[in-house]
Amino acid sequence: MFEMTTDQLNEIGGFNTTTEIKQQPELWLDTLNIYKENLEAIESFLAEARAMGEGRLSVVFTGAGTSDYVGDTCAPYLRHAGDTKLYDFKPIATTDIVSAPRDFLNPDEPTVVVSFARSGNSPESLAAVQVAKTFVKNVKFLNITCAPEGKLAVESEGDADQLTLLIPRANDKGFAMTGSYSCMTLLATLIFDTASLEQKTAWVEAAAKLGEDVVARESEIAEFLSGDFNRVTYLGSGSFVGLAQEAQLKILELAHGLVATSWDSCMGYRHGPKSFVDDKTIVFVYMNNDEYTRQYDLDILNEINGDQIAAKTIAIQQDGAIKFDGTSFSARGLPGPAVRHGRSGHLPAQLRARGQHPGHPVPVRHREPRRQGRDHPPLQGLIPLEISN
């Protein structure tokens, strides 16, 4: 895909998605600069948020679909890399906040809602802000979005309780979110990771170089997808559970459902969901960097590979004391290679899916709940006018 000309990509409807996959290493460096440029504003905003009450500040990562999976990826990592004396990290989907706020929000708990949104125009993104304002007594909003003209960004202007950070080059044009997911994930971890600025800079620069290396190894990745398969599953542990969920969604979206997908944690998969695997299934496992956790990743790899129930069982890993001896894609340093490979493996897979391509017709990106294919209605239809605590 990366070697095709613009005309060839346009012919199969794959120009936007291919371009947006390939440019991610460059976008990560852009995201690092956005973080640096806004560091003073970020620190001031968080200081004001902590002053809303005593004890830990509840940090709610929220979004819908891929934007929800950003929080699922960030939160487990930040529970050991962030300052948990100050912050309690919680991933909660906007769809849950809007539909059942009493089940997911504590009105008496000072809260920062971190909203992830590519466009900022989905009704759930906007409704979640209004519901949280109504339901939580002390609340501020940190919006991480990619569209300067989106409603989430525009409607936050002038609101002292909101800080909006924009990553405009990550505003994906393709149907499936790619760079927007990885850049929003990166920016959130940069904000809350307690590492020094020098360390963060070194990590992002290394990840960008590794991402470029993965793009250059497209033929190696494509070889994993040779042969007859119609199912793909992604597994991981810790933060990589969120990454696995996002990875499978890319195939599901881009193949228009013609390639069946599943995802789970490495330990959870054997408790029933492994029934999904048959001789036409490719199983990818993201190997965790933590050597203790990695043992459980290796266990499910060896189990599925040893049972010979899948077409292929593939580890995505970096060098370490514990490695999978079977088929693997190896690199040094994460999260760059993991995110990049999760992207790079999808486009060839979906192109093999009975002739489908990224240009399949989709009426609207953000659909009205329960009424697919129509423009969404005024938000009053989604937001309760009054929410009693």
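When helices and strands are counted, the protein chain shows 16 helices and 10 strands. Split into buried and exposed, the 389 residues of the protein chain put 53% on the buried side. Restricting the contact set of the protein chain to residue pairs at least 6 apart, pairs at least 24 apart contribute 74%. Accessible area for the protein chain stands at about 16800 Å²; split by element, carbon and sulfur atoms hold 47% of it.

Inspection of the secondary structure assignment puts T293 in helix 14 (residues 291-307). Sequence separation between T293 and G238 is 55 residues, and the spatial gap between their C-alpha atoms is 8.2 Å. With residues near it in sequence (within four places) discarded, T293 still touches S237 and N288.

The next point concerns the sheet that holds strand 10 (residues 328-331). Judged by pairing direction, the sheet is parallel, and its five strands sit side by side in the order 7-6-8-9-10 without closing on themselves. Both outer strands of the open sheet, strand 7 (260-265) and strand 10, are each paired with one neighbouring strand and no more. Here the strands of the sheet are splayed against their neighbours by 15° on average, with no regard to which way each runs. Note that strand 6 (residues 231-236) and strand 8 (residues 281-286) share five bridges and pair parallel. The partner of R231 across the bridge, within strand 8, is T281. Packing of helix 13 (residues 239-254) onto the sheet brings it into contact with strand 6, strand 7 and strand 8, and relative to strand 7 it is tilted by some 175°.

At their nearest, the axes of helix 3 (residues 24-37) and helix 10 (residues 179-192) sit 9 Å apart, and the two run at 35° to each other. Classified by chirality, the crossing of helix 10 by helix 3 is right-handed. Across the interface between the two elements, Q24, L27, W28, T31, L32 and Y35 of helix 3 pack against G179, S182, C183, L186, L187, L190 and I191 of helix 10. Its residues assigned to classes, the contact of helix 3 with helix 10 comprises nine nonpolar, four polar and no charged.

Summed over the entire model, instances satisfying the criterion amount to 10 aromatic pairs. Members of the aromatic cluster, each reached through a chain of ring pairs, are F61, Y87, F89, F116 and F192. Sitting above the plane of the F329 ring, R217 keeps its charged end 4.2 Å from the centroid. Over the ring of F276 we find R231, and its NZ or CZ is 4.7 Å from the ring centre.

With that settled, the discussion passes to the confidence of the model for the protein chain. Residues shown with low pLDDT carry predicted positions that ought not to be read at fine detail. Chain-level statistics for the protein chain give a pLDDT mean of 86 and a share of 85% at 70 or above. A low-confidence stretch, residues 334-380 stays under pLDDT 50, and its non-local contacts, those more than four residues away or across chains, total 123 contacts.

Glancing now at the side chain of T18. Mapped onto the fold, T18 is located in helix 2 (residues 15-22). Within polar-contact distance, the side chain of T18 engages the backbone oxygen of G14 at 2.7 Å.

Considering the arrangement of structural elements, one finds S219 in helix 12 (residues 218-224). S219 sits 218 residues away from M1 along the chain, and the two C-alpha atoms are 9.4 Å apart.

Next up on the list: the sheet that holds strand 3 (residues 111-117). If you walk across this open sheet you meet the five strands as 2-1-3-4-5, and the pairing is parallel. Edge strands, defined here as strands with exactly one partner in the open sheet, are strand 2 (87-91) and strand 5 (162-166). Taking the axes of each pair of neighbouring strands and ignoring which way they run, one obtains an average angle of 15° across the sheet.

On to helix 5 (residues 66-81). Between its terminal C-alpha atoms helix 5 stretches 23 Å, which fits the 22 Å expected from 16 residues at 1.5 Å a residue. The axis of helix 5 is deflected most strongly, by about 30°, at A75, and proline P76 appears within four residues downstream. Among the residues of helix 5, those classed as buried are T66, S67, D68, Y69, V70, G71, T73, C74, A75, L78 and A81. The secondary structure elements touched by the buried residues of helix 5 are strand 1 (57-62), strand 2, strand 3, helix 10 and helix 13.

Pairing analysis gives five bridges linking strand 1 to strand 2, with the strands arranged parallel. From the neighbouring strand, V60 faces strand 2, where its bridge partner is K90. Handedness of the β-α-β unit built from strand 1, helix 5 and strand 2 comes out right-handed.

Definitions and limits used
- Residues numbered from 1 in each chain as written.
- Predicted model: local features only at pLDDT ≥ 70, side-chain atom pairs only at ≥ 80, totals over all residues.
- Heavy atoms only, no water.
- Helix = DSSP H or I, 4+ residues; strand = E, 2+ residues; numbered from the N terminus.
- Buried < 20%, exposed > 50% of the residue type's maximum accessible area, 1.4 Å probe, protein only.
- Contact = heavy atoms within 4.5 Å.
- Areas by Shrake-Rupley, 256 points an atom, 1.4 Å probe, with all protein chains shown as cover.
- Pairing = 2+ DSSP bridges.
- Axes fitted to C-alpha atoms, helices over the stretch in contact; angles between N-to-C directions.
- Left-handed = near helix turned anticlockwise from the far one by under 90°.
- Nonpolar A, V, L, I, M, F, W, Y, C, P; charged D, E, K, R; others polar.
- Phe/Tyr/Trp six-rings, centres within 6.5 Å; stacked < 30°, edge-to-face > 60°.
- Lys NZ or Arg CZ within 6 Å of the ring centre and 35° of its normal.
- pLDDT = per-residue confidence, 0-100.
- Polar contact = N/O pair within 3.5 Å; in protein donor to acceptor, adjacent residues only side chain to side chain.
- Expected span 1.5 Å × (residues − 1).
- Bend = angle between axes of the 7 residues up to and from the residue.
- Right-handed = clockwise from strand over helix to strand, strands pointing away.

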